[in-house]
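A look at the structure
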Amino acid sequence: MKHTSRADRVGFPNMPWYVWRLLLPVGWDTRSPWAAHWDWLTTMSIVPRAMWMPEATEADRQRVVQVVQEALHPYGSVSMRSWGEVVSVELTQEGQRVFSFQIAHRSAQLEPSRPIPWTAVLLDSLKDLVASKMVALVERGAPRDFLDIYTLCQADVVMPAQSWALWRERQQRAGNDIDASRARLAVQTHLARITAHRPLERIPESADQEAARQMRAWFKKEFLDALFVD
């Protein structure tokens, strides 16, 4: 059987390779290296992310955005959004957003990025990936943020206490708040919002219900308790 990638399924199987080759002024930050779990998400959207390197000029940035827009154009409607220090190039097919490439300004970095052996693109360290995801969990609290951290911890890639330690280090280097009580309340609030939006009884499959129950219980107890572990 021929393998069908997620990119194939959302309708752009032949994304030009030169898009990624032209991202030299961008440090690649997958944010979801555990890509096998993408199919757990309810959305069909693919969202790769990257960080601008300090040496990237305004011309570099404009060129990268332009190349991504041009590469996506044959596959549907392309638009661009920006908020804060993030720019997002987005592809829509039949009224549904199926792909967005987001590039953000890097506020702090724990370890130097490393070049990928097969191309001239830099990959963030695992510590930076986890730290960035933890910042997103506290500040944004999207379902994918919870899923990513839960998946990493369940796979023993990182422990809850280590996740919080990386969050503190990232916040300190960026000069941001490290108030543990505020962070705990933020995660609790995000989780309550998700639970209210999708209560267990509205999840059709019993196995999915149980998985959601276990994950929510784990965050409420084990994960949040680790915040106050030295």
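Residues numbered from 1 in each chain as written. Predicted model: local features only at pLDDT ≥ 70, side-chain atom pairs only at ≥ 80, totals over all residues. Heavy atoms only, no water.

Two side chains of opposite charge can pair, provided their charged atoms sit close to one another. Applying the stated rule across the entire model yields 12 salt bridges. Here Glu 139 ties to Arg 182 by a salt bridge, and the two come within 2.9 Å at their closest N and O atoms. Of this pair, Glu 139 sits in helix 4 (residues 126–139) while Arg 182 sits in helix 7 (residues 180–197); the two residues are 43 residues apart in sequence, bridging distant segments of the chain. The salt bridge involving Lys 221 is made with Asp 225; its shortest N-O contact spans 3.0 Å. One end of the pair, Lys 221, and the other, Asp 225, are both in helix 8 (residues 206–225), 4 residues apart, so they sit about a helical turn from each other. Connected via shared salt-bridge partners are Lys 133, Arg 140, Asp 145 and Asp 148. (Salt bridge = Lys/Arg side-chain N within 4 Å of Asp/Glu carboxyl O. Helix = DSSP H or I, 4+ residues; strand = E, 2+ residues; numbered from the N terminus.)

All right, on to the pairing of strand 4 (residues 86–93) then. In terms of burial, strand 4 is a largely internal element, 7 of the 8 residues being buried. Of the pairings in the sheet, the one linking strand 4 to strand 5 (residues 96–105) comprises 8 bridges and is antiparallel in character. Each residue of the ladder has a partner; that of Glu 90, found in strand 5, is Ser 100. Adjacent in sequence and paired antiparallel, strand 4 and strand 5 are bridged by 2 residues, among which Glu 94 carries a positive phi angle near 55°. (Buried < 20%, exposed > 50% of the residue type's maximum accessible area, 1.4 Å probe, protein only. Pairing = 2+ DSSP bridges.)

Attention now moves to the side chain of Asp 145. Its place among the elements puts Asp 145 in helix 5 (residues 143–154). Overall, Asp 145 belongs to the buried group, its relative accessible area being 0%. A polar atom in the side chain of Asp 145 sits 2.9 Å from the side chain of Lys 133. Setting aside residues no more than four positions away along its own chain, Asp 145 makes contact with Lys 133, Ala 136, Leu 137 and Arg 140. (Polar contact = N/O pair within 3.5 Å; in protein donor to acceptor, adjacent residues only side chain to side chain. Contact = heavy atoms within 4.5 Å.)

All right, on to helix 4 then. Between the first and last C-alpha of helix 4 there are 20 Å, a value that for 14 residues agrees with the 20 Å anticipated at 1.5 Å per step. Buried residues dominate helix 4, accounting for 11 of its 14 residues. Among the residues of helix 4, Asp 128, Leu 129, Val 130, Ala 131, Ser 132, Lys 133, Met 134, Val 135, Ala 136, Leu 137 and Val 138 are the ones counted as buried. (Expected span 1.5 Å × (residues − 1).)

Moving on: unusual backbone geometry. Located in the positive-phi region is Glu 94, a residue other than glycine, with phi close to 55°. Relative to the helices and strands, Glu 94 is located in the loop between strand 4 and strand 5. Exposure remark for Glu 94: the relative accessible area of 86% places this residue in the exposed category. The phi dihedral of Asp 156 is positive, around 60°, even though this residue is not glycine. Its location among the elements puts Asp 156 in the loop between helix 5 and helix 6 (160–174). Look at Asp 156 and you get exposed, because its relative accessible area is 58%.

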